[in-house]
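Results of the structural survey
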Amino acid sequence: MSDTEREAVIKVRGLVNRFGTQVVHDNLDLDVWRGEVLGIVGGSGTGKSVLLRTIVGLNQPAAGTINVLGADVLHGSRAERLQAERRWGVAFQDGALFSSLTVMQNVMAPMREHLNLSHALMCALGQLKISLVGLPPLACGKLPSELSGGMRKRAALARALSLDPEIVFLDEPTAGLDPIGAAAYDDLIDELKRSLGLTVFMVTHDLDSLYAICDRIAVLAEKKVLVEGPIEGMTDVDHPWVQEYFTGPRARAAQSKT
């Protein structure tokens, strides 16, 4: 399928992010296509999480434009911005769950903010989302501190799915998980993508995840998107970091699993 036939649900153009004198992104461009899992990779300090946070509005860039699902999220009206926010969900690396709320209350929080539903209906929808990510019913009443790391990540994903989003942003979703737990999480994302028609923007350093579920890779380097495309083409990129990352022993081991 050509670029003209695909729908870009996220369009980033000319993005500049700087913190004091440190320039993290300089004239960065990126498109994310509907229905794909896009893996964002790059060395330490290349601004992978900064890019995610900027797209979802948690960081104000110095320059550039960001269009998500047809909405100008940087310069559009507040109403346009709020409407767009209802169409995406975010799961941060550490889950970022409200520590004083149960899993069910965390999942219901976006519903309380954006929807006018009865408590009973929100509970029913919350139970559905919690089940959807593979958590047992017993998890509904637990606090985040009472969950394992893997369960917290799934609870965070359930909250990200609370409003039936079209796009899900994941920040290092398998970090800290053992290999079995990470593989199970990858399988979950792949299943949700196919069953719900999700677009997934995933910041990760996990080569297993890149080979297992990503349709396309975007490499951040030199303050921009250095290269993007299928993972099979990354070994042909003439750049020291890309070569070391995608041709090293860990990459060969990950590729052998596919």
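Preceding block: the structure.
Residues numbered from 1 in each chain as written. Predicted model: local features only at pLDDT ≥ 70, side-chain atom pairs only at ≥ 80, totals over all residues. Heavy atoms only, no water.

For the rest of this paragraph, the subject is the overall build of the protein chain. If you tally the helices and strands in the protein chain, you get nine helices and ten strands. For a compact globule of 258 residues, the expected C-alpha radius of gyration is about 18 Å, and the protein chain comes in at 18 Å, within 12% of that figure. Taking the principal axes of its C-alpha atoms as reference, the protein chain extends roughly 55 × 45 × 40 Å. For the protein chain, the proportion of contacts with a sequence separation of at least 24, taken over those separated by at least 6, is 65%. Accessible surface computed for the protein chain: about 12400 Å², of which carbon and sulfur atoms make up 50%. Each charge sign in the protein chain was given a centre, from 26 positive and 31 negative side chains, and these centres are 5 Å apart. (Helix = DSSP H or I, 4+ residues; strand = E, 2+ residues; numbered from the N terminus. Rg over C-alpha atoms; globule rule 2.2 N^0.38 Å. Contact = heavy atoms within 4.5 Å. Areas by Shrake-Rupley, 256 points an atom, 1.4 Å probe, with all protein chains shown as cover. Lys, Arg positive; Asp, Glu negative; His and termini not counted. Charge placed at Lys NZ, Arg CZ, Asp CG, Glu CD.)

Below, the discussion takes up the packing of helix α3 (residues 103-114) against helix α4 (residues 119-132). At a closest axis distance of 9 Å, the pairing of α3 and α4 adopts a crossing angle of 120 degrees. Comparing their axes, α4 and α3 come out oblique. The two elements α3 and α4 meet at a crossing, and its hand is right-handed. Counting all contacts with α3, which are made through Val 103, Met 104, Val 107, Met 108, Met 111 and Arg 112, the residues of α4 involved are His 119, Met 122, Cys 123, Leu 125, Gly 126, Gln 127, Lys 129 and Ile 130. (Axes fitted to C-alpha atoms, helices over the stretch in contact; angles between N-to-C directions. Parallel < 35°, antiparallel > 145°, perpendicular 65-115°, else oblique. Left-handed = near helix turned anticlockwise from the far one by under 90°.)

Sheet strands associate in pairs through backbone hydrogen bonding, adopting either a parallel or an antiparallel arrangement. The sheet built from four strands is open, its strands ordered β2-β1-β4-β5 with antiparallel pairing. Each edge of the sheet is formed by a strand with only one pairing partner; in this case those strands are β2 (22-33) and β5 (71-72). In terms of strand pairing, strand β1 (residues 8-19) meets β2 through eight bridges, oriented antiparallel. Counted as the bridge partner of Ile 10 is Val 32 from β2. Set on the sheet, helix α1 (residues 48-55) makes contact with β1, β2 and β4 (63-68); between it and β1 the angle comes to about 115 degrees. (Pairing = 2+ DSSP bridges.)

Taking burial as the measure, the five residues of strand β7 (residues 167-171) include five buried ones, the bulk of the element. Neither face of β7 is left uncovered, since the one carrying Ile 167, Phe 169 and Asp 171 and the one carrying Val 168 and Leu 170 both have all their residues buried. Of the pairings in the sheet, the one linking strand β6 (residues 88-91) to β7 comprises four bridges and is parallel in character. Looking at β7, one finds that Ala 91 is bridged to Leu 170. The pairing of β7 with strand β8 (residues 199-203) spans five bridges and is parallel. (Buried < 20%, exposed > 50% of the residue type's maximum accessible area, 1.4 Å probe, protein only.)

Strand order across the open sheet formed by six strands is β6-β7-β8-β3-β9-β10, with mixed pairing between neighbours. The sheet is open, and its two edges are formed by β6 and β10 (224-229), each paired on a single side. Adjacent strand axes in the sheet meet at a mean angle of 20 degrees, parallel and antiparallel pairs treated alike. As paired elements, strand β3 (residues 37-42) and β8 share four bridges and run parallel to each other. Pairing of Leu 38 across the sheet is with Phe 201, part of β8.

Both strand β9 (residues 216-221) and β10 contribute to a ladder of five bridges, which runs antiparallel. Paired with Leu 220 across the strands is Val 225, a residue of β10.

Turning our eyes to something else, we now look at the nonpolar core. Among the nonpolar cores identified, the biggest contains 48 residues, and Ile 130, Leu 157, Leu 170, Leu 210, Ile 217, Val 219 and Phe 246 are the most heavily contacted of them. Sequence-distant contacts of Leu 210, that is, excluding residues within four places in its chain, are made with Gly 39, Val 41, Thr 204, Ile 217, Ile 231, Tyr 245 and Phe 246. The next biggest cluster of nonpolar side chains, apart from the first, holds 29 residues, and it includes Ile 40, Leu 51, Leu 52 and Ala 71. (Core = buried A, V, L, I, M, F, W, Y, C linked by side-chain atoms within 4.5 Å.)

Here we take up the packing of aromatic side chains. Counted under the stated rule, the structure contains four aromatic pairs. Look at Trp 88 and Phe 169: their rings are 6.1 Å apart centre to centre, the planes differ by 85 degrees, and that puts the pair in the edge-to-face class. Of the two residues, Trp 88 sits in strand β6 while Phe 169 sits in strand β7, which places them 81 residues apart along the sequence. There is no split in this pair, since Trp 88 and Phe 169 are both buried. Seen in terms of ring centroids, Trp 241 and Tyr 245 are 4.6 Å apart; in terms of plane orientation they differ by 15 degrees. Their pairing is stacked. Placement of both Trp 241 and Tyr 245 in helix α8 (residues 240-247) is noted, with a separation of four residues, approximately one turn of the helix. Taken together, the ring pairs in this structure connect Trp 88, Phe 169 and Phe 201 into an aromatic cluster. Above the plane of the ring of Phe 98 lies Arg 159, whose end atom (NZ or CZ) is 5.3 Å from the centre. (Phe/Tyr/Trp six-rings, centres within 6.5 Å; stacked < 30°, edge-to-face > 60°. Lys NZ or Arg CZ within 6 Å of the ring centre and 35° of its normal.)

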